[in-house]
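Here's the letter readout for the chains.
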Amino acid sequence: MSTETTTNTAWLSSPPVKGDQQDMPEWYTAFQAASWERFQSLPVPSRSDEAWRYADLKKSRFETLQPAQSATAPSVEPAAFGEACARFVYVNGEASVAEVGDLPAGVVCQPIDQAIASGDERLKAYFDVEAKRLGDEKFAALNGAASIYGLYVYVPKGVELSGSISVQHYITGDSAPVFPRTLVVAEDNARVSIVETYESVDSDEPGLSIGVADFHADRGSQIQHVLVQNLNEHSKQVHLATSRSGRDSNVQTVVLNLGGAWVRNESLNYMLDSGADTQIFGANLANSHQEFDQRTLQVHDAQHTTSDLLIKNALYDTSRVIFGGLIQVRPGAHHTDSYQSCRNLLGSDQAEVNAMPGLEIDADQVKCSHGATSGQISDDEIFYLRSRGIPADDARRIVSCGFLNEALSKVTGSDLRDWLEGLIAKKFDQVS
Amino acid sequence: MSDSATLEAVSVDQDAGDFVYPEDYEHDAGYGLSEKTIDYISEVKGEADWIREFRKKALNTFEKKPNPTHWATKDLENIKFEDIRYYLSKGQRPTRTWDEVPDDVKETFERLGIPEKERKFLAGVEAQFDSEAAYSNIKEDLEKEGVIFVNSTEGLREHPELFKKWFGKVIPTGDNKYSALNSAVFSGGSFIYVPPGVKVAHPLQAYFRINAENFGQFERTLIIVDEGAEVTYMEGCTAPKFETATLHSAVVELVAMDNAKIQYITVQNWSNNVFNLVTKRGVAHENAEIRWIDCNIGSRLTMKYPGVIMKGRKARGEVVSIALANDGQHQDTGAKMIHAADETTSNVVSKSISVGEGRSTYRGLVHIPKHLKGCKNNTECDALLINSNSRTDTYPAISVRGNQHATQHEASVSQVSEEQIFYMQQRGLSEGEAMSLSVNGFVNDLVREFPMEYSVELKRLIDLEMEGSVG
């Protein structure tokens, strides 16, 4: 293992920082330097690492990583999920569109690098508070060491934003990595929704995105975060999300994976005070050689907290999906109600599902259950639809779409749901 | 079968195991483990050279393998391998008649409830006292049918042609650190062969005991059931309580040929200082069935994941598991189902109860590789938490390739409802009795899977464990 470590820590000889980085406050440059040191000292994921069980480790190795260069912006259509209250387009980590409409007083919604440079003290308090990861410490450190870009949203007490904030990420150029970071802070009774999409400009350039997202929901607030990954079939993505929900707050995260060659999602969710509720929804449509690797953690750290996880995967060709989930009920977190479910539909003889739903319960008076299933479309279902005049191929598609859409059925916002379902249907055209 | 007599005969509770006899071991390999220990064991047993070689290779593997603490509990690091005595025995051959059995051994069996009269009810009894089987008896009619039921030393010596073929094949030496340890120093355990078509009507039974301080017991069991044959094997364990931790590391291999059936039943009730690290696995050939019925009540740390490799078409595997973890105990149990042929089916039902600061863990593996058709797995895990500081974990891993299979896994965690307890208290039961009744109800549908005498014994053990858990 030691030889492996030395060769693979050498992905990079210097941090992926762009030359023209603007003046940043001292705390941030110190953070960047510490992250770089951490990145260098951490080993690469290895076989014996439980957090990487079943993963194809070769896919998580990178020979070299040169930061993405500036590129000319492609013509970009706004994501069609309904009304957006602010819209950002990033190409290789540089903002080409930053339209912020008429937001209520006190709301901050700006590129995160600008927010840091402007010396926002509140941002500093919430910045990178998460130390724990589910195996991706090295990637998190790399993100911290790199030139930062992304979105910072702060919604003050009682403010509810109507419409979502749209962030569209584009990657272009050969093997160019981007390092996005999203930080969302919702104060008491605030409400905010963010929709992020990842796409490739070109269909055959391998891109890479290593992103970090943090959500802080104070008392009674609501945060919704939707992540749509639709990169080209050569690209890779690592996305590490953390949510912390306070008293009576609600955090809803939605991940839709359609594109990409290899995708690793981490989702850490902490319910910190009573009444905190977290919903984690995921829909993954994998075909060809795609590998989607999802690790989740639901931590109940207070009494009367709830969480609900539903991940649905449809697999075709030689695709692989890994789900590693854990519900942790900490000592004293009585009256927890937690659910975790991973359902898989296998559409080919070569597809592979690995599910590891886990529970660690340290309190009593809890209601916790999890389930994992895998199966295929039954002949009866196809027969039923065919007997009503629907051709077999269409029948298969209808059943598969319906299967995946169920994971989105509890997503807040009907326009958003319709848009996501439309994206799934579009991908299905490539599948069959 | 007379019920009350059987009950009396096999009733084992923890207190019955709570006694110690003077140690006067004729053969003692001393403390610690080295090639010398192995030479010593091999010489005492008069083993063939290939077994000695096998042991030495295993020792090498054992020394190389790390403790699996990257996924298992760190408690494993508390095992002091150099403080363990790896072999000691009375140097006696297994005796065939009751009269030849030494008196203090007899007394132990008496306390355990294996008196002479048990022979009337059981097809064969082999009770292990420390490393060597001190008593072994098979009814004549079984012998006539060609059933072989001997200890491992005798099996390898007298029937190498039968046992060598499968010995160490289902569980290779390098499977894990503790299977390697067992392969290096094994002694005792049962070797059973059931010829084609023979259906053994009565369960074969063996009791294991640990009776020397710091003494690890490393029995090795191999059961081969030939085509169309059937057998049920039962093992139950008690151990006297000692101050320092004892290690029990068994390897059990089962081979079910075409259309054969094996049922392996364990009631484990080691005292709370025993590390019980056991590897159990069976191979089921075409249309064969292997069932593990496993109950873990005692020990400090149990790590045991009975497995079935379904190698032939339509083979079936099943694990029924009950675990009860009390203060200072960690029951890390589970099941491993490897589907390696078409139309194979497996079923896992696990129920665990955590009392006081006890911790119970379910760890499972289901593996369905490529290019198979029609495999099915069903897994259910239910956990019951009794006190507010009890702990339970579930870590299944399900790996499925291809679109012609069905798997489902479900787990739930619950507790005894206060209303239930209140209801029973209202009708005159004490809180403890009510709790005990509730817990017995929770496991009742699994307890019914056990043979009658074991299920009664189990209920009694659960009652004992629940004493003092409330209030």
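All figures in this text were calculated on a predicted structure; none of them were measured in a lab.

Some words on the overall build of chain B
For chain B, the helix and strand inventory stands at 11 helices and 23 strands. Burial analysis of chain B (471 residues in total) assigns 54% to the buried set. The contacts in chain B between residues at least 6 apart in sequence include a share of 83% that link residues at least 24 apart.

Side note on the overall build of chain A
In terms of helices and strands, chain A carries eight helices and 20 strands. The C-alpha radius of gyration of chain A comes to 21 Å, within 12% of the 22 Å expected for a compact globule of 432 residues. Buried positions account for 50% of the 432 residues belonging to chain A. Across chain A, every contact between residues at least 6 apart in sequence was considered, and the portion connecting residues at least 24 apart equals 83%.

Concerning helix H9 (residues 418-426) of chain B
Where burial is concerned, little of H9 of chain B is hidden: zero out of the nine residues are buried. One or two steps after H9 of chain B, the chain reaches Gly428 of chain B, where phi turns positive at roughly 95°.

Some thoughts on the packing of helix H6 (residues 379-386) of chain A against helix H7 (residues 392-405) of chain A
Residue and element names in this part refer to chain A. Across the interface, H6 lies against H7 with an axial gap of 9 Å and an inter-helix angle of 120°. It follows from the interaxial angle that H6 and H7 lie oblique. Crossing handedness for the pair H6 and H7: right-handed. Note on element contacts: H7 touches H6 through Ala392, Ala395, Arg396, Ile398 and Val399, opposite Glu381, Ile382, Leu385 and Arg386. By residue class, the composition of the contact of H6 with H7 is six nonpolar, no polar and three charged.

Structural notes on the confidence of the model for chain A
The pLDDT averaged across chain A works out to 90; a share of 95% of its residues lies at or above 70. Per-element confidence in chain A is highest for strand E12 (residues 250-257) of chain A, whose mean pLDDT is 98, and lowest for helix H1 (residues 2-9) of chain A, whose mean pLDDT is 40.

Quick notes on unusual backbone geometry
If you check the backbone angles, Asp248 of chain A has positive phi at about 55° while not being a glycine. Even without being a glycine, Asn259 of chain B presents a positive backbone phi close to 60°. Inspection of the secondary structure puts Asn259 of chain B in the loop between strand E11 (251-256) and strand E12 (261-269).

Side note on the pairing of strand E7 (residues 180-186) of chain A
Residue and element names in this part refer to chain A. Within E7, seven of the seven residues are buried, leaving the element largely enclosed by the surrounding structure. What you see with E7 is no split at all: Pro180, Thr182, Val184 and Ala186 on one side and Arg181, Leu183 and Val185 on the other are buried throughout. Note: strand E4 (residues 149-155) against E7, seven bridges, orientation parallel. Among the inter-strand pairings, Val155 is bridged to a residue of E7, identified as Ala186.

Section: the nonpolar core
Counting 230 residues, the largest nonpolar core has Val153 of chain A together with Ile192, Val225, Val231 and Ala256 of chain B as the members making the most contacts within it. Top contributing element to this core by residue count: helix H10 (residues 431-447) of chain B, with seven residues. Not counting chain neighbours up to four residues away, the residues in contact with Val153 of chain A comprise Val108, Cys109, Ile165, Val184, Val192 and Ile194 of chain A.

Here's the deal with the interface of chain A and chain B
Counting residues at the interface gives 34 residues for chain A and 33 residues for chain B. For the side of chain A that touches chain B, the element with the most residues is strand E19 (residues 352-361) of chain A, which contributes 10 residues. Its residues placed into classes, the side of chain A that touches chain B shows 14 nonpolar, 14 polar and six charged. Bridge analysis of strand E20 (residues 367-375) of chain A against strand E23 (residues 406-415) of chain B gives seven bridges, and the strand direction is antiparallel. When the sheet's bridge partners are listed, Ala372 of chain A is paired in E23 of chain B with His409 of chain B.

As for the environment of Ile116 of chain A
All names here are of chain A. Examined against the element boundaries, Ile116 turns out to sit in helix H3 (residues 112-117). On the basis of neighbour count, Ile116 is assigned to the buried category, with 22 C-beta atoms found within 10 Å. Along the sequence, Ile116 and Met24 sit 92 residues apart, while their C-alpha atoms lie 6.9 Å from each other. Among residues more than four places away in sequence, those in contact with Ile116 are Met24, Pro25, Tyr28, Leu123 and Ile148.

Here's the deal with the packing of helix H2 (residues 35-45) of chain B against helix H3 (residues 49-64) of chain B
Residue and element names in this part refer to chain B. Two elements in contact, H2 and H3, have axes separated by 10 Å at closest approach and are oriented at 155°. As far as their axial angle goes, H3 and H2 are roughly antiparallel. Read as a crossing pair, H2 and H3 show a hand that is right-handed. The residues of H3 that touch H2, namely those facing Glu35, Ile38 and Ser42, are Ile51, Arg52, Arg55, Lys56 and Leu59. Along the lines of polarity and charge, the residues of the contact of H2 with H3 split into three nonpolar, one polar and four charged.

Quick look at the confidence of the model for chain B
Residues and elements named next belong to chain B. With 77% of its residues at a pLDDT of 70 or more, chain B shows a mean pLDDT of 81. Across chain B, strand E16 (residues 307-310) holds the top mean pLDDT of 97, while helix H1 (residues 3-10) sits lowest at 44. Segment residues 114-135: pLDDT under 50, and 83 contacts once partners within four positions in sequence are set aside and those in other chains are kept. For this predicted complex, the interface score ipTM comes out at 0.83, alongside a pTM of 0.86.

Observations regarding the environment of Leu324 of chain B
Residues and elements named next belong to chain B. Structurally, Leu324 is set in strand E17 (residues 316-325). On the neighbour-count criterion, Leu324 (27 C-beta atoms within 10 Å) is buried. Linking Leu324 and Ile353, residues 29 residues apart in sequence, is a C-alpha distance of 4.8 Å. Leave out the neighbours within four places in its chain, and Leu324 touches Ile297, Gln331, Ile353, Val355, Ile462 and Glu465.

Brief notes about the environment of Gln114 of chain A
The residue Gln114 of chain A is located in helix H3 in this model. Separated by 261 residues in sequence, Gln114 of chain A and Gly375 of chain A place their C-alpha atoms 49 Å apart.

Conventions and cut-offs
- Residues numbered from 1 in each chain as written.
- Chains lettered and ligands numbered in written order.
- Predicted model: local features only at pLDDT ≥ 70, side-chain atom pairs only at ≥ 80, totals over all residues.
- Helix = DSSP H or I, 4+ residues; strand = E, 2+ residues; numbered from the N terminus.
- Buried ≥ 20, exposed ≤ 12 C-beta atoms within 10 Å, placed from the backbone.
- Contact = placed C-beta atoms within 7 Å.
- Rg over C-alpha atoms; globule rule 2.2 N^0.38 Å.
- Axes fitted to C-alpha atoms, helices over the stretch in contact; angles between N-to-C directions.
- Parallel < 35°, antiparallel > 145°, perpendicular 65-115°, else oblique.
- Left-handed = near helix turned anticlockwise from the far one by under 90°.
- Nonpolar A, V, L, I, M, F, W, Y, C, P; charged D, E, K, R; others polar.
- pLDDT = per-residue confidence, 0-100.
- Pairing = 2+ DSSP bridges.
- Core = buried A, V, L, I, M, F, W, Y, C linked by C-beta atoms within 7 Å.

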